[in-house]
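Coordinate inspection notes
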Amino acid sequence: MPVKHIDATIIEKVAPLYERVKTVIPDIEWPFHAPHIAAINELKKEKNAVILAHNYQTPEIYHCVADITGDSLALAQRAIDTDADVIVVAGVHFMAETAKLLNPDKTVLIPDLGAGCSLAESITAADVRKLREQYPGVPVVTYVNTSAEVKAECDICCTSGNALAIVESLGSERVIFLPDEYLANYVAQQTDIEIISWQGRCEVHGRFTAEELESFRAGHDDLTIIAHPECPPDVLATADFVGSTAQMQDYVVNKRPPKVLMVTECSMSDNVSVGIDDVEFIRPCNLCPYMKKITLANIQAALETLSPAVEIDPAVANRARAAVERMLDVGRSKMTEVAA
Ligand code: 13P
Ligand code: SF4
């Protein structure tokens, strides 16, 4: 690739941001990121835009241009609070759809429409309608990692951070839980409610094996393994802690294990490690090819052109929004219980 001349004033302008990320971004790479970072931060002001970034985004996005970062639940919750006219989702398509459902009058952009998700691909609205016929009257919970069409057929959404609480909020002895088989299995282990599952899988977390983790443990007695519940059951059984990406991050920030292995997407360790120098991160990660479709270059292009924008058929959107809002209401009533 030809090396472009990089304006020294731009490098200087974003130098404080490089200070933050210098442990995870090599200095040879920074001149390629700096012009995009400077341009994006100007465009955000010009267009009254915010960037919501998932925990799996690369550090130059997560730490240098994002306004709101977090797991799927936090991004959905925080999407409601913004006064911005434009929301750019640095994440995958279902996250952008959720932001649009909660902000129907705002422009919601996803910098690459190909940023999908193997779980979202694993089930259609017609599949949900068939399950409803097969199990009449049984409430249907869908993981947020689904299309708006699928959400529209379901009673309530959940994320990896609240799946058990959502299932238990329904007051039913049986619940259909879609589409992640491993997350369904993990929830089933913690409740007496009968869980009817679907065979969806995350192609990223599904690649981890218990053998691989055991071999890391063998070399490191003081290693803490924390895993995302989309991993296979034997991987979860090997872990010391299981949680959503935000819960994994909180675990490391609060407990400061001497050595940690985060069984999840590669950028998690990079992002969490920034500013934490007393924890050693062991990194047998797997990349999510969909999350990695989002780059500084396409975020900049999205802000310049205000496209690609997410649009959802209003008939679908109204029903899908109800499923997302029911989930957020359960979270609010839990918070009220804790405060009381
Ligand atoms: P979290 O909600 O835990 O961030 O998970 C989202 C996701 O896609 C994990 O693969
Ligand atoms: Fe989907 Fe898995 Fe990628 Fe998360 S990591 S977005 S569940 S494919």
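Analysis parameters
- Residues numbered from 1 in each chain as written.
- Chains lettered and ligands numbered in written order.
- Predicted model: local features only at pLDDT ≥ 70, side-chain atom pairs only at ≥ 80, totals over all residues.
- Heavy atoms only, no water.
- Disulfide = S-S within 2.5 Å.
- Buried < 20%, exposed > 50% of the residue type's maximum accessible area, 1.4 Å probe, protein only.
- Near = heavy atom within 4 Å.
- 1 Å grid on protein atoms, 1.4 Å probe; cavity = no way out; pocket = protein on both sides within 12 Å on 5 of 7 lines; lining within 4 Å.
- Sits in = over half its atoms within 2 Å of the grid points.
- Nonpolar A, V, L, I, M, F, W, Y, C, P; charged D, E, K, R; others polar.
- Helix = DSSP H or I, 4+ residues; strand = E, 2+ residues; numbered from the N terminus.
- Polar contact = N/O pair within 3.5 Å; in protein donor to acceptor, adjacent residues only side chain to side chain.
- Contact = heavy atoms within 4.5 Å.
- Expected span 1.5 Å × (residues − 1).
- Pairing = 2+ DSSP bridges.
- Axes fitted to C-alpha atoms, helices over the stretch in contact; angles between N-to-C directions.
- Points joined across faces, edges and corners; volume = space filled by probe spheres on them.
- Core = buried A, V, L, I, M, F, W, Y, C linked by side-chain atoms within 4.5 Å.

Bringing the state of the cysteines into the picture now. This structure, assessed with the given rule, holds one disulfide. This cysteine, C64, is not joined by any disulfide, and C266 carries the nearest cysteine sulfur, 19 Å off. On the basis of relative accessibility, which here comes to 4%, the residue C64 falls in the buried class. Looking at C231, it has no disulfide partner, and the nearest cysteine sulfur is the one in C202, 7.8 Å off. Note on C231: relative accessible area 0%, which makes it buried.

Next up on the list: the site of ligand 2. What surrounds ligand 2 is the set Y56, V92, C117, S118, L119, N145, C202, V204, E230, C288, Y290 and M291. The site holding ligand 2 turns out to be the largest cavity. Per-class residue counts for the shell around ligand 2 are nine nonpolar, two polar and one charged.

Once that is clear, we can look at the side chain of Q57. Relative to the helices and strands, Q57 is located in the loop between β1 (49-54) and α4 (59-62). We classify Q57 as buried; its relative accessible area is 1%. For Q57, the side chain forms a polar contact with the main-chain oxygen of M291, separated by 3.3 Å. Not counting residues up to four positions away in its chain, the partners in contact with Q57 are Y62, A90, G91, S267, N271, M291, K292 and I294.

Now for the site of ligand 1. The immediate surroundings of ligand 1 are formed by H54, Y56, D71, S72, N145, S160, H205, H228, E230, S244 and T245. H54 is positioned such that a nitrogen or oxygen atom in its side chain is 2.6 Å from an oxygen atom of ligand 1. One of the side-chain N or O atoms of Y56 is found 3.5 Å from an oxygen atom in ligand 1. The pocket occupied by ligand 1, as judged from atoms lying within 2 Å of grid points, is the largest cavity.

Next up on the list: helix α3 (residues 30-47). An α-helical turn contains 3.6 residues, so a residue and the one three or four places further along point in the same direction. The end-to-end C-alpha separation of α3 is 25 Å, in line with the 26 Å expected for 18 residues at 1.5 Å each. Of the positions making up α3, those classed as buried are W30, H33, A34, I37, A38, I40, L43 and K44. On the buried face of α3, the contacting elements are α1 (8-13), α2 (15-21), β1, α4 and α16 (296-305). Backbone geometry just downstream of α3 places N48 in the positive-phi region, at approximately 50°.

With that out of the way, let us pick up the sheet that holds strand β2 (residues 68-70). The strand order across the open sheet formed by four strands is β2-β1-β3-β4, and the pairing between neighbours is parallel. Each end of this open sheet is capped by a strand with a single partner; those strands are β2 and β4 (107-109). Taking each pair of neighbouring strands and ignoring which way they run, the sheet shows an average axis angle of 20°. Pairing geometry for β1 and strand β3 (residues 86-90), over five bridges, is parallel. Bridge pairing in β3 places V50 opposite I87.

The next thing to look at is empty space enclosed by the protein. Scanning all chains against the criterion turns up two cavities of 30 Å³ or more. Here the largest cavity is characterised by a volume of approximately 230 Å³. If you list the elements that add at least two residues to the lining of the largest cavity, you get α6 (93-102) and α7 (118-121). Classifying every residue of the lining of the largest cavity by side-chain character gives twelve nonpolar, ten polar and four charged. Lining of the second largest cavity is provided by L52, S72, L75, A76, V89, F94, M95, T98, A99 and V144. Among the secondary structure elements, those contributing two or more residues to the lining of the second largest cavity are α5 (72-79) and α6. Of all the elements, α6 adds the most residues to the lining of the second largest cavity, at four residues. Class assignment of the residues belonging to the lining of the second largest cavity gives a composition of eight nonpolar, two polar and no charged.

What follows covers the nonpolar core. Ranked by internal contacts, the top residues of the largest apolar core, which has 96 residues, are W30, F177, V252, M262, I299 and M327. Counting residues per element, this core draws most heavily on helix α17 (residues 314-339), at eight residues. When neighbours within four sequence positions are excluded, V252 is seen to be in contact with I226, P257, V260, M262, V272, I276, V279 and F281. Formed by 13 residues, the second largest nonpolar core is a distinct cluster that contains L213, L236, L261 and I282.

It is worth spelling out the side chain of N286 at this point. Take N286: it is sitting in the loop between β12 (280-282) and α16. On the basis of relative accessibility, which here comes to 13%, the residue N286 falls in the buried class. A distance of 3.2 Å separates a polar atom in the side chain of N286 from the backbone oxygen of V204. With sequence-adjacent residues up to four places away left out, N286 is seen in contact with V204, R207, F208, T264, E265 and C266.

Limitation: the analysis is restricted to geometry and does not speak to function.
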